[in-house]
Amino acid sequence: MKLSSVGKFLDQPLISNTLARKMPLILGATALCYGIKDTLSQPTENRRNQGIRNAIILGSITISSVLASKFIKIKGEKLIETLPKKDILLEQKNAITRFITKNEHISKNTIDILEKAKTRILSLKDTDNLLNQLKGKRNSQELISTLFGKNHNITSGEILSEISKLSIMGFVPVISGIFGGIAADMFSSQCTKEKTQNKIKEGVYQFFANIFLCNVGAGTFLFAAEKLNQAGVIKNLTPLKKSVAILAGILAVGVLGGSFIANIIGDKLINPLINKFCGKKTMSARENNERKPEALDIALHTDDIATAGVLSGVKWICPLLPVMYLVSGYRTAIGYRNCKNTHQLDKHKNQQHN
């Protein structure tokens, strides 16, 4: 079975559209499962308060993400588009009818698979068989585009236009994480300036290091590849080469450089603002709050597949982005800090308090 068949199978409009329609349910179920797990992991006497805190935090992130996907529009398009299932099936049925009309000799196996495509998602085996049987047939490209999505040779300009959509999708859970975390702290009478500051700093880190800069890197590197192609340095800029440029940009700017850039922003911009408006001198990011990337941070870069999705045939992952961004929102809400110096400082404070 070819890898391209796997990509086509996953890229069926019925799959991506179903995931888009089920996104609120998937996101809500994920938040609920994590909230229950985290609550039960606490000592018995703390479970009630932790359960309410998790409900406030995860509830605010989930609700805001769902509302954003339904009501925020970029150039007239929702962040996550959905269509009635009957409209997709009607379009597929019409394409199948046109194909059969223009081709006299079609095997029974092909007819059987096409009949399935009129009512449901095709299996991976049926997808592979159908693609093999459609080779050389008239009107086959129109049918393939309808059943499995259109191939598109994306440009840097188009990727850059997507940055706003992806960035908003990531920004919403981060900003709702900050306010949800503050609300949870107020409920438990644990709201302090230091906790609020850490939420803001972690929000900056999550947004820039794990979301925004990866998209910028993808667009920038593809733009550079296009210019090198025009100059003759890169010959025949194929979709595969564009994919390599996109992934290189994500790796260089987002994964490797994102943490450094996010900490610079925190040190040079966020900390001075906090110092100014809170009226209290905070330690610099370099001394106390520098955030170091972890395995989970690297895993969060899975969302960047959406940027290269048109080329790699995994558009279905776009409706799952809110689920991935849930992690960023939650870490923002708790003001996560993993710097060794921060842990030592907290330990020292606890010893003084005791």
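No experiment lies behind these values; they were computed from the predicted model shown.

Basis of the calculations
Residues numbered from 1 in each chain as written. Predicted model: local features only at pLDDT ≥ 70, side-chain atom pairs only at ≥ 80, totals over all residues. Heavy atoms only, no water. Salt bridge = Lys/Arg side-chain N within 4 Å of Asp/Glu carboxyl O. Helix = DSSP H or I, 4+ residues; strand = E, 2+ residues; numbered from the N terminus. Buried < 20%, exposed > 50% of the residue type's maximum accessible area, 1.4 Å probe, protein only. Arc of directions from axis to C-beta. Contact = heavy atoms within 4.5 Å. Axes fitted to C-alpha atoms, helices over the stretch in contact; angles between N-to-C directions. Parallel < 35°, antiparallel > 145°, perpendicular 65-115°, else oblique. Left-handed = near helix turned anticlockwise from the far one by under 90°. Nonpolar A, V, L, I, M, F, W, Y, C, P; charged D, E, K, R; others polar. Phe/Tyr/Trp six-rings, centres within 6.5 Å; stacked < 30°, edge-to-face > 60°. Lys NZ or Arg CZ within 6 Å of the ring centre and 35° of its normal. Core = buried A, V, L, I, M, F, W, Y, C linked by side-chain atoms within 4.5 Å. 1 Å grid on protein atoms, 1.4 Å probe; cavity = no way out; pocket = protein on both sides within 12 Å on 5 of 7 lines; lining within 4 Å. Points joined across faces, edges and corners; volume = space filled by probe spheres on them. pLDDT = per-residue confidence, 0-100.

So, about the pattern of salt bridges. Summed over all chains, the structure comprises seven salt bridges. Note that Asp-112 is salt-bridged to Lys-108, the shortest N-O span being 3.0 Å. Of this pair, Asp-112 and Lys-108 both sit in helix 5 (residues 108-117), four residues apart, which is roughly one turn of that helix. Between Asp-126 and Lys-116 there is a salt bridge, with the nearest N and O atoms lying 3.1 Å from each other. Of the two residues, Asp-126 is situated in helix 6 (residues 124-133) and Lys-116 in helix 5; the sequence distance between them amounts to 10 residues. Shared partners join several salt bridges into a network, and the residues in it are Arg-53, Asp-185 and Lys-199.

Below, the discussion takes up helix 5. Of all the positions in helix 5, only Thr-110, Ile-113, Leu-114 and Ala-117 are classed as buried. Along the long axis of helix 5, the arc covered by the buried residues comes to 100 degrees, so they all point the same way. Residues of helix 5 that are buried sit in contact with helix 4 (85-102), helix 6 and helix 7 (140-148).

Right, let's get into the packing of helix 5 against helix 6. Orientation of helix 5 relative to helix 6, taken along the N-to-C sense of each, is 125 degrees, at an axis distance of 10 Å. When the interaxial angle is binned, helix 5 and helix 6 end up oblique. The handedness of the crossing between helix 5 and helix 6 comes out as left-handed. Each of Asn-109, Thr-110, Ile-113, Leu-114 and Lys-116 in helix 5 lies in contact with helix 6, whose residues at this interface are Asp-126, Asn-129, Leu-130 and Gln-133. Of the residues assigned to the contact of helix 5 with helix 6, the class counts are three nonpolar, four polar and two charged.

Moving on: the packing of aromatic side chains. Enumeration according to the criterion identifies five aromatic pairs in this entry. Ring geometry for Tyr-34 and Tyr-330: centres 5.1 Å apart, planes at 75 degrees, overall edge-to-face. You can see Tyr-34 sitting in helix 2 (residues 13-40) and its partner Tyr-330 sitting in helix 15 (residues 321-333), a full 296 residues away along the chain. With centroids separated by 6.0 Å and ring planes inclined at 85 degrees, the aromatic side chains of Phe-208 and Phe-212 adopt a geometry described as edge-to-face. Of this pair, Phe-208 and Phe-212 both sit in helix 9 (residues 193-230), four residues apart, which is roughly one turn of that helix. Among the residues examined, Phe-212 registers a relative accessible area of 24% and is labelled partly exposed. In this structure an aromatic cluster arises from ring pairing among Phe-171, Phe-207, Phe-208 and Phe-212. Sitting over the face of the ring of Tyr-336, Arg-331 holds its NZ or CZ atom 4.1 Å from the ring centroid.

Below, the discussion takes up the nonpolar core. Formed by 27 residues in total, the largest nonpolar core has its most connected members in Leu-27, Ile-57, Met-169, Leu-321 and Leu-326. Counting only elements with at least two residues in this core, the list comes to helix 2, helix 3 (47-71), helix 8 (156-187), helix 9 and helix 15. Among the elements that make up this core, the one with the highest residue count is helix 15 (seven residues). Beyond its immediate stretch of four places on either side in the chain, Leu-27 contacts Thr-62, Ser-65, Val-66, Pro-322, Val-323 and Leu-326. Counting residues in each nonpolar core, the second largest holds 15 residues, with Ile-113, Leu-114, Leu-122 and Leu-130 among its members.

Let's shift gears to the packing of helix 2 against helix 4. The relative placement of two packed helices comes down to the angle between their axes together with the axis-to-axis distance. It is at 10 Å that the axes of helix 2 and helix 4 come closest, and there the two elements cross at 175 degrees. One finds that helix 2 runs roughly antiparallel with respect to helix 4. Of helix 4, the residues touching helix 2 (which contributes Pro-13, Leu-14, Asn-17 and Arg-21) are Lys-85, Ile-88, Leu-89 and Gln-92. Partitioning the contact of helix 2 with helix 4 into residue classes produces four nonpolar, two polar and two charged.

In this approach the atoms are scanned with a rolling probe the size of a water molecule, which exposes any empty space left behind. Counted under the stated rule, the structure contains four cavities of 30 Å³ or more. In this structure, the second largest cavity encloses a volume near 50 Å³. Residue lining of the second largest cavity: Ser-65, Ala-68, Ser-69, Leu-79, Ile-80, Met-169, Val-172, Pro-173 and Pro-322, and that is the complete set. Elements that contribute at least two residues to the lining of the second largest cavity include exactly helix 3 and helix 8.

This part covers the environment of Gly-35. Note that Gly-35 resides in helix 2. Residue class for Gly-35 comes out buried when judged on its relative accessible area of 8%. The residues contacting Gly-35, other than those within four sequence positions of it, are Asn-54 and Leu-58.

Below, the discussion takes up unusual backbone geometry. At Lys-75, a position not held by glycine, the phi torsion is positive, near 55 degrees. Inspection of the secondary structure assignment puts Lys-75 in the loop between strand 1 (73-74) and strand 2 (77-78). A relative accessible area of 76% means that Lys-75 is categorised as exposed.

Overall, the predicted model of the protein reaches an average pLDDT of 82, with 81% of residues at or above 70. Ranking the elements of the protein by mean pLDDT puts helix 16 (residues 340-353) last, at 42, and helix 3 first, at 96. Of the regions scoring below 50 in pLDDT, residues 339-354 engages in 14 contacts with residues more than four places distant in sequence or in other chains.

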